[in-house]
Amino acid sequence: MNVFQSTIGGKVHRFKGLGDVLAKASPLRSGDILAGVAAHSEEQRVAAQYCLAEIPLVEFAKHPIIPYENDEVTRLICDSWDKAAFGPISHLTVGEFREYLLQDSTTNQQLSKIAPGLFPEMLAAVSKIMRNQDLISVARKVEVMTRFRSTVGKKGHLSIRLQPNHPTDDLKGITAAIIDGLLYGCGDAVIGINPATDSVGRMHDLQILLSRIIETLDIPTQSCVLGHVTNQIDCMNKGAPVDLVFQSIAGTELTNQSFGVSVKLLREAQDAARSLKRGGSQVMYFETGQGSCLSANAHHGLDQQTLEARAYGLAKAFDPFLINTVVGFIGPEYLYDGKQITRAGLEDHFCAKLMQLPMGCDVCYTNHAEADQDDMDNLMTLLGVAGCNYFMGVPGADDIMLNYQSTSFHDAQYIRQTLNLRASPEFDAWLQKMGIQDQAGQLLPVDLAKSKIKNQAQGLLSLEGS
Amino acid sequence: MKLSHDPWFFLREHTHARIALGRSGHGLPTHEILEFRLAHSRARDSVWSNIDLQRLQADLKLESQPPLAVSSKCTSKKDFLLNPNHGRQLDQASKTALQNVASKDNHPDVVLIIADGLSANGIQVNAPLLVEEFVAAIKSTALKLGPIVIAQYARVALGDDIAATLNAKASIMLIGERPGLASSESVSVYFTYAPSVDRNDADRNCISNIHSSGLSPHAAAHMALFLLQNSLQKQLSGVNLKFEYPDVSQLLPRSSLPKNT
């Protein structure tokens, strides 16, 4: 198929190629306008969607939107493509694929079988013609479970990454925030700190701190210090207790270069973490977010959502324990307001889940975006219904190190109670054992005198060198 | 259950993070909801604030050297937020005005640029004292201070265009940071040696978190002068300029991370 066009009411809309159709079919967002790839009018956007709906899925496999020779992410996606798995849907167009996904007879079982046969771009394409409710109801069918010390992603469960950041990486400040988060049932996805500096020594201190807290309180969870992957490898070489290895990734080789990472380096980190045998073979934690390729000036003229889906193609090759989009962090020049952030969050979750990734979401915004905590409530609720694996638990939703707003410990309780979801099974049992919640998953009243963690918490807060 | 006073309150002595807030059911106590909204409202107001030029010029008290007001290519605050590149280039009228005051054979050692960035409120509050201290401090050196420029709708890189047009050897830009909930009036100093439009962030040094409960404008002014002297001596700036501030423990806040590009 070499001609990309659609005819609406006698008017012919022509597009320059597959990438152009994808970009122009994208629901409005500021980053695509900034990149100069967005539709010029609302009608042109729908014309592109008509055109996209007619394109056979196989087109995306035949003609990679970034050439195989030019990009290692494309090579990874093409080389790991399972043509046999693609078989059952190989005859479908993008529009027919949407209908296939929505059918009652298309269950988690079918979706997990076709997943290895999907190109990320096929999912990006179909998402562009789906409504928000489509993105929710199809993603909801998919169950992706991962396991380290806790099990994340089981149907009926919702996990939280406890994010106890501190502007000076103060060990006691971080410890205090972790204790508060645990008391609200947070931390079953991971206890993960974004360090304030890129000091390897401080990273090592933080890794030791987290491992000490997890061991002292015997928490069925895992830790991560989210510095650069090379620093984490350095720390592992020095014997640091590293559970999960973190890295930000994106959908093009050039963007990943700007992050200072490559497939080879990620493989090296994965091998190092696996060799520590601290909990399982799923040792990777990735973060992504629409707009990073444009921000790195490495977007190949493509739209930000398609590029984001390609990042999931890269992630998939590493069988991660966790992956989440940091959806509103990048700022209003990429996602302007609550509406755009919401749409992007649902798209990201859908595309990643359909690739069988253990997708979570940092539902968030910065103060220069047109968004507030009500928008976070909305997106968190929508993603909760869609079966999102985990959210962030940030004290009061206010990250005092990264200076942005996310979701809080209280929000975690809100979403679990409202949607009748439980923490990860192992962690849920621990919460009951520690007297934090009852059998029904409700927080118990606080009685400090009887608290099973007060003494240990005070011990952790008074340690030498903290 | 309702728990508006959290028994774990003692945890708060270790961090200013929003912990031990109490709860009503799973919700926040009302005063916490309102406190958060107040902080967010101030941050939002700061983002959308504009420099009050008349008031700033009066507060700066620079009778002998009235500041020059310039603007980037942005046509509005919304344009500024949506198109970072527009905020990195001077509009034509400003460019011409600066060219008219620039002197080909009389290069200033440094120009001082006051820029709104993402918090004009922060500039309005912090610029007068910082500029006063810096101007007084530089007088005790042999260094030549060029024009003082006030820039509207400015991103950090606009300083390159301004300083290069004025043939300055270095630029010091005081710019409003992206407001956080803890402070909506925080500003940063960005320093660039041999400014030109092809400079990037790796060529700059940053002193951040200048606000009422962070680094004082007084300390920041002296750090900026120290940075300037070091940079002119070594003829570079950015990640390759290695030095330590004197009395760093007293001058620096415990956090000084750049937040505004």
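Residues numbered from 1 in each chain as written. Chains lettered and ligands numbered in written order. Predicted model: local features only at pLDDT ≥ 70, side-chain atom pairs only at ≥ 80, totals over all residues.

Chemist: Explanation requested: the overall build of chain B in the structure shown.
Modeler: Counting its secondary structure elements, chain B contains eight helices and eight strands. Here chain B has a C-alpha radius of gyration of 20 Å; the compact-globule value for 261 residues is 18 Å, and the two agree. For the C-alpha atoms alone, the extent of chain B along its principal axes is close to 75 × 40 × 35 Å. When burial is assessed residue by residue, chain B has 49% of its 261 residues classed as buried. Residue pairs in contact within chain B that sit at least 24 positions apart in sequence constitute 71% of those at least 6 positions apart. (Helix = DSSP H or I, 4+ residues; strand = E, 2+ residues; numbered from the N terminus. Rg over C-alpha atoms; globule rule 2.2 N^0.38 Å. Buried ≥ 20, exposed ≤ 12 C-beta atoms within 10 Å, placed from the backbone. Contact = placed C-beta atoms within 7 Å.)

Chemist: Help me understand the domain arrangement of chain A in this model?
Modeler: One widely used convention gives an interface's size as the accessible area the parts lose upon coming together. Residue and element names in this part refer to chain A. Along its sequence, chain A is carved into domain 1 (4-141) and domain 2 (146-433). On a C-alpha basis, the centres of domain 1 and domain 2 stand 26 Å from each other. Tallying the contact residues gives 35 residues for domain 1 and 43 residues for domain 2. Elements represented by at least two residues in the side of domain 1 that touches domain 2 include exactly α1 (18-25), α2 (30-34), α5 (72-79), α8 (108-114), α9 (120-128) and α10 (132-141). The dominant element in the side of domain 1 that touches domain 2, judged by the number of residues it contributes, is α10, at six residues. (Domains from an automatic or database assignment.)

Chemist: Help me understand helix α3 (residues 42-54) of chain A, please; the structure alone is not making it clear to me.
Modeler: Residue pairs three or four apart in sequence face the same way in an α-helix, which turns once every 3.6 residues. All names here are of chain A. The first and last C-alpha atoms of α3 sit 19 Å apart over 13 residues, in line with the 18 Å expected at 1.5 Å per residue. When we look at burial in α3, the residues that qualify are Ala47, Ala48, Gln49, Cys51 and Leu52. Structurally, α3 contributes buried residues whose contacts are with β1 (4-8), β2 (11-15), α1, α7 (94-102) and α9. (Expected span 1.5 Å × (residues − 1).)

Chemist: Could you clarify how one ought to interpret helix α15 (residues 263-275) of chain A in this entry?
Modeler: Residue and element names in this part refer to chain A. Here α15 spans 18 Å end to end across 13 residues, near enough to the 18 Å set by a 1.5 Å rise per residue. Turning to α15, its buried residues are Leu266, Ala269, Gln270 and Ala273. Down the axis of α15, the sector holding all buried residues measures 100°, keeping them to one side. Across from the buried face of α15, at angles greater than 90 degrees, the exposed residues are Lys264, Arg267, Asp271 and Ser275. Residues of α15 that are buried in the fold lie against α13 (229-237), β8 (245-248) and β9 (284-288). Looking one or two residues beyond α15, the residue adopting positive phi is Lys277, at roughly 50°. (Arc of directions from axis to C-beta.)

Chemist: Please clarify how the sheet that holds strand β5 (residues 145-152) of chain B should be interpreted in this entry.
Modeler: Backbone hydrogen bonds are what pair the strands of a sheet, in a parallel or an antiparallel way. Residue and element names in this part refer to chain B. In spatial order, the strands read β3-β5-β4-β6-β7-β8; together these six strands make up an open sheet with mixed pairing. With one partner strand each, in any of the chains shown, β3 (68-71) and β8 (204-210) form the two edges of the open sheet. Going across the sheet, the axis of each strand differs from the next one's by a mean of 20°, ignoring polarity. In this sheet, β5 lies alongside strand β4 (residues 110-115) in parallel orientation, the contact comprising five bridges. Residue Ala115 lies in a different strand from β5, and its bridge partner there is Ala151. Relative to the sheet, helix α4 (residues 92-101) contacts β3 and β5, its axis offset from that of β3 by approximately 145°. (Pairing = 2+ DSSP bridges. Axes fitted to C-alpha atoms, helices over the stretch in contact; angles between N-to-C directions.)

Chemist: How should the packing of helix α12 (residues 200-216) of chain A against α13(A) be read in this particular structure?
Modeler: Helix-helix packing is characterised by the crossing angle of the two axes and by the distance between the axes. All names here are of chain A. Interaxial distance between α12 and α13 falls to 10 Å at its minimum, and their mutual angle equals 65°. Between α12 and α13, the interaxial angle falls into the category roughly perpendicular. The two elements α12 and α13 cross, and the hand of that crossing is right-handed. Residue-level inspection shows Val200, Met203, His204 and Gln207 of α12 in contact with α13, the latter providing Asn231, Asp234 and Cys235. The residue makeup of the contact of α12 with α13, split by class, is three nonpolar, three polar and one charged. (Parallel < 35°, antiparallel > 145°, perpendicular 65-115°, else oblique. Left-handed = near helix turned anticlockwise from the far one by under 90°. Nonpolar A, V, L, I, M, F, W, Y, C, P; charged D, E, K, R; others polar.)

Chemist: Can you help me understand the domain arrangement of chain B in this one?
Modeler: All names here are of chain B. By domain assignment, chain B separates into domain 1 (2-45) and domain 2 (51-251). Taken over C-alpha atoms, the centre of domain 1 sits 36 Å from the centre of domain 2. Opposite the five residues of domain 1 that make contact, domain 2 presents five residues. Here the residues of the side of domain 1 that touches domain 2 are counted per class, giving two nonpolar, one polar and two charged.

Chemist: Teacher, can you tell me more about the environment of A:Glu43 here?
Modeler: Residues and elements named next belong to chain A. Inspection of the secondary structure assignment puts Glu43 in helix α3. We classify Glu43 as partly exposed; it has 13 C-beta atoms within 10 Å. In sequence terms Glu43 and Thr74 are 31 residues apart; their C-alpha atoms lie 31 Å from each other.

Chemist: How do you make sense of the interface of chain B and chain A when you look at a structure like this?
Modeler: The interface is formed by 36 residues belonging to chain B together with 34 residues belonging to chain A. Every element with two or more residues in the side of chain B that touches chain A is listed here: α1 (30-47) and α3 (77-82) of chain B. When residues in the side of chain B that touches chain A are grouped by element, the largest group, five residues, is from α1(B). Tallied by class, the residues present in the side of chain B that touches chain A amount to 21 nonpolar, nine polar and six charged.

Chemist: Would you mind showing me how to read the environment of A:Val3 here?
Modeler: One can find A:Val3 in the segment before β1. It is 8.0 Å that separates the C-alpha atoms of A:Val3 and A:Arg14, two residues lying 11 residues apart in sequence.

Chemist: Would you mind going over the pairing of β8(B) with me for this structure?
Modeler: Along a regular strand, successive side chains alternate from one face of the sheet to the other. All names here are of chain B. Counting buried residues in β8 gives seven out of seven residues, a clear majority hidden from the surface. In the sheet, strand β7 (residues 187-193) pairs with β8 via five bridges, with the strands oriented antiparallel. Across the sheet, the residue bridging to Val187 is Ile210, located in β8.

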